[in-house]
Structures are given as structure tokens and as C-alpha cells.
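Descriptive analysis of the structure
Chain by chain, the residues run as shown.
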Protein chains: 2
Amino acid sequence: MSDLLERLRGRGWRMTSQRRVVAEVLDGEHVHLTADEVHARAARRLPEISRATVYNTLGELVSLGEVLEVATDGRAKRYDPNAHHPHHHLVCSGCGTIRDVHPTNDPLADLPVEERFGFTVSEAEVTYRGLCPDCA
Amino acid sequence: MSDLLERLRGRGWRMTSQRRVVAEVLDGEHVHLTADEVHARAARRLPEISRATVYNTLGELVSLGEVLEVATDGRAKRYDPNAHHPHHHLVCSGCGTIRDVHPTNDPLADLPVEERFGFTVSEAEVTYRGLCPDCA
DNA sequence: TCCTACGATCGACTGAGTCCAAGTCAAGAA
DNA sequence: TTCTTGACTTGGACTCAGTCGATCGTAGGA
Ligand SMILES: [Mn+2]
Ligand SMILES: [Mn+2]
Ligand SMILES: [Zn+2]
Ligand SMILES: [Zn+2]
């Protein structure tokens with residue numbers, strides 16, 4: 001993610017201050033922020049950035065594969081800058097904290113062909129749920 | 001799910017026509033409906049039923065463990081009457097169709113203790129994504 | 001049959017996200 | 001360097017999913 005700005009320039013993106021601060025926010029903390037949290041952090045550096053631009057930029061980063069969308073609850077989507085290292089998520093049912101986890105098996109291998117119903121299955125995402133040490 | 005009404009009565013539920021039609025809608029089709037779809041089907045039998053009542057009843061059924069909430073996209077939650085047979089979901093990225101699937105392994109077993117960060121992990125839900133035969 | 005607490009209703013409200021018309025500016029051309 | 005232009009940004013209105021609360025209705029017990 002560190003040379004994200006270079007990769008974006010290479011794809012013909014016009015480099016604006018808004019896009020730069022959004023990329024910097026995501027680059028800075030490897031956490032899972034909502035769009036409004038990204039907006040709040042971006043606005044600390046560039047006070048007049050709009051929510052619409054944050055949504056636009058996040059959407060573009062997602063379709064470029066630079067950022068992942070995570071929807072673990074029915075609430076706001078979260079944006080995951082750790083897109084180049086495959087992983088899954090462990091969510092605390094108490095406080096909502098999300099941690100990256102790395103199971104030892106690819107769950108795709110556990111779905112037999114007769115359970116695929118003719119689908120071209122390309123991805124398996126696992127959400128583990130439980131209580132974190134603080135909430136237990 | 002067939003004697004759901006009996007179980008609810010046993011739990012002290014007041015049996016109203018609204019709760020009956022919501023339970024019948026869920027009982028009738030083993031698909032994954034949104035709250036508004038449940039409302040539309042319920043309203044075919046009981047035209048005056050309100051959205052608020054459908055939301056209330058679905059929420060109660062979920063906390064009783066009779067129905068599962070599924071949030072595969074960032075859109076409306078879906079309600080799964082198949083709560084007594086553990087399974088996972090296969091979602092078409094094209095049209096959004098959802099199918100129940102049964103992997104051969106429990107993904108909980110694939111999460112080593114050093115990847116649990118002190119959490120009490122109780123559940124693992126897998127979402128497989130791909131293209132259905134029609135969308136491929 | 002009557003009573004009443006539990007449930008249903010409607011509409012106002014919230015939160016998350018989208019859309020659009022109008023204004024701005026990054027970056028290539030000259 | 002300045003000009004030009006279309007890509008980008010903005011604020012606000014709007015949509016969609018869901019929640020809340022005051023008031024009304026009724027299931028089911030006495
Ligand atoms: Mn992550
Ligand atoms: Mn299901
Ligand atoms: Zn917690
Ligand atoms: Zn499809």
C-alpha cells in the first residue's frame with residue numbers, strides 16, 4: 001500500500017489533495033474504518049473534504065483492488081487497506097472490534113463440487129465471531 | 001420450523017394474526033427474504049400488517065434462535081428460516097442469489113489458538129462468492 | 001363479559017449511502 | 001508561463017433500511 005499513489009498515477013488518476021489524504025489515512029493505520037471514520041481522519045488534514053468525495057475515492061480504491069470492503073454486521077461497511085495479504089476476520093460480538101486472522105486451511109477446498117450447484121466459486125470469506133478478552 | 005407456532009405459544013407469546021402470517025411466510029419458502037419481502041408476502045394474506053410489526057416479529061424470532069439474520073452484502077439483511085440445520089451460504093456476485101451449502105469441514109477447527117488473540121470464538125460463518133450458471 | 005397488559009399501527013426520525021448540478025483545478029498543450 | 005478542458009469536488013437533496021414512540025386495539029385470563 002505504501003506506493004499506492006504511484007500505482008494510481010500509473011493508472012491515469014488525476015492526483016488531488018483529497019485523494020492523497022484518503023490514501024494516507026488508509027495507509028497510516030491498519031484498522032478497519034467506516035467511511036465516516038475515514039472522512040473524519042481525512043478532515044483533520046484537509047478540513048473541507050466532503051463525504052461524497054470520500055465515498056467516491058473509497059469506491060474507486062475498492063474497484064482497483066487496493067482496498068477491501070468488509071460488511072461484518074448490518075451497519076456501515078468497513079474499509080480494509082490490507083488487500084494484498086489474504087486473511088479473514090474475527091469479530092467481537094460485544095464491542096465490534098475486528099482482528100485479522102489467518103486460518104490454516106482454505107475453506108474453498110472444503111466445498112465439494114456437488115455443493116457448488118454449477119457456480120464458478122471464486123472466493124470464500126470467513127467471519128469468526130466471539131467475545132474478546134475485555135468483553136468475556 | 002413446522003411447529004414454530006407451538007414453540008412460540010410455549011414461550012408465552014400472545015398469538016396474533018400478524019405473528020401467525022409472518023411465521024407462515026417464513027415457514028412456507030426456504031429462501032432468504034428481506035424484511036420488506038416478508039412484509040409483502042405477509043400483506044397478501046393480511047393486508048393491514050405494518051412494516052414495524054414485521055420488523056418486531058423478525059427481531060423476536062431472531063433472538064429466540066428460530067430465524068437467522070444473514071448480511072451478505074451491504075444492503076438489506078435477509079432472514080433465514082433454516083436455523084436448525086447449520087450451513088453456510090453461496091452468493092452469486094451477479095444477481096445476488098443465495099444458496100445454502102454444506103462444507104465438509106468446520107472452519108472453527110482451522111483457526112489455531114495463537115490466531116484467536118484470547119477471544120472466546122463461538123461461531124464461524126463462511127460466505128462463498130462466485131457466479132451462478134445463469135450469470136457466468 | 002370485562003379488563004388490561006401486551007402487541008400493532010402510523011408516521012416521524014436516523015444512519016448509511018447515492019445522485020446531481022454547479023463550481024474548481026490538475027495537468028497537458030502552446 | 002498561461003490557457004484550456006474535462007476530470008474531480010462540493011453541498012444538499014434524496015433513497016433505502018431500519019428504529020422509535022405515542023396511541024390504539026385485542027388476546028386471553030378472571
Ligand atoms: Mn482485515
Ligand atoms: Mn440459509
Ligand atoms: Zn469486545
Ligand atoms: Zn447469478
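Throughout, a residue's number is its position along its own chain's written sequence, starting from 1. Starting at A for chains and at 1 for ligands, labels are handed out in the order in which the entities are written. Given that this is a predicted model, residues contribute local features only at a pLDDT of at least 70 and side-chain atom pairs are listed and counted only at 80 or more, while totals for whole chains, interfaces and linings are drawn from all residues. Excluding hydrogens and water, the side-chain values take into account all heavy atoms of the structure.

**Overview of the coordination of the zinc ion (ligand 3)**
All names here are of chain A. Distances from the zinc ion (ligand 3) to its protein donors, C92 (SG), C95 (SG), C132 (SG) and C135 (SG), fall within 2.3 Å. Note that water is not among the atoms used; donors are N, O and S atoms within 2.8 Å of the metal (3.2 Å for Na, K and Ca), so sites may look incomplete. Here the metal geometry follows the donor angles, with tetrahedral for four donors whose angles all fall between 85 and 135 degrees, square planar for four and octahedral for six when opposite donors are more than 155 degrees apart and every other angle is between 65 and 115, and irregular for all the rest. For the zinc ion (ligand 3), the 4 donor atoms are set out with angles of 105 to 116° between them, so the coordination reads as tetrahedral. The sequence pattern describing where the donors of the zinc ion (ligand 3) fall on their chain is C-x2-C-x36-C-x2-C. Note that C92 is positioned in strand β4 (residues 88-92) and C132 in the segment after β6 (120-131), a separation of 40 residues in sequence. Put simply, DSSP marks the helices as runs of H or I at least four residues long and the strands as runs of E at least two long, and each gets a number from the N terminus on.

**Quick notes on the protein's contact with DNA strand D**
Inspection of the region around DNA strand D gives 17 residues, with R14, T16 and T53 of chain A together with M15 and R51 of chain B positioned closest. Here a residue is considered near a molecule or strand provided that any single heavy atom belonging to it is located within 4 Å of it. Those atoms of DNA strand D that come within 4 Å of the protein belong to sugar or phosphate at a rate of 72%. In this structure, E48 of chain A approaches DNA strand D through a main-chain N or O atom, which is 3.2 Å from a phosphate oxygen. Between a phosphate oxygen of DNA strand D and a main-chain N or O atom of S50 of chain A, the distance comes to 3.0 Å. At the level of secondary structure, the elements contributing two or more residues to the surface near DNA strand D comprise α2 (17-28) and α4 (51-63) of chain A together with α4 (51-63) of chain B. Across the surface near DNA strand D, the residue classes tally to 6 nonpolar, 4 polar and 7 charged. N or O atoms closer than or at 3.5 Å make up a polar contact, with two conditions inside protein: a donor-capable atom paired with an acceptor-capable one, and, for residues adjacent in sequence, both atoms drawn from side chains. Residue polarity follows a fixed list, in which Ala, Val, Leu, Ile, Met, Phe, Trp, Tyr, Cys and Pro are nonpolar, Asp, Glu, Lys and Arg are charged, and the others, Gly among them, are polar.

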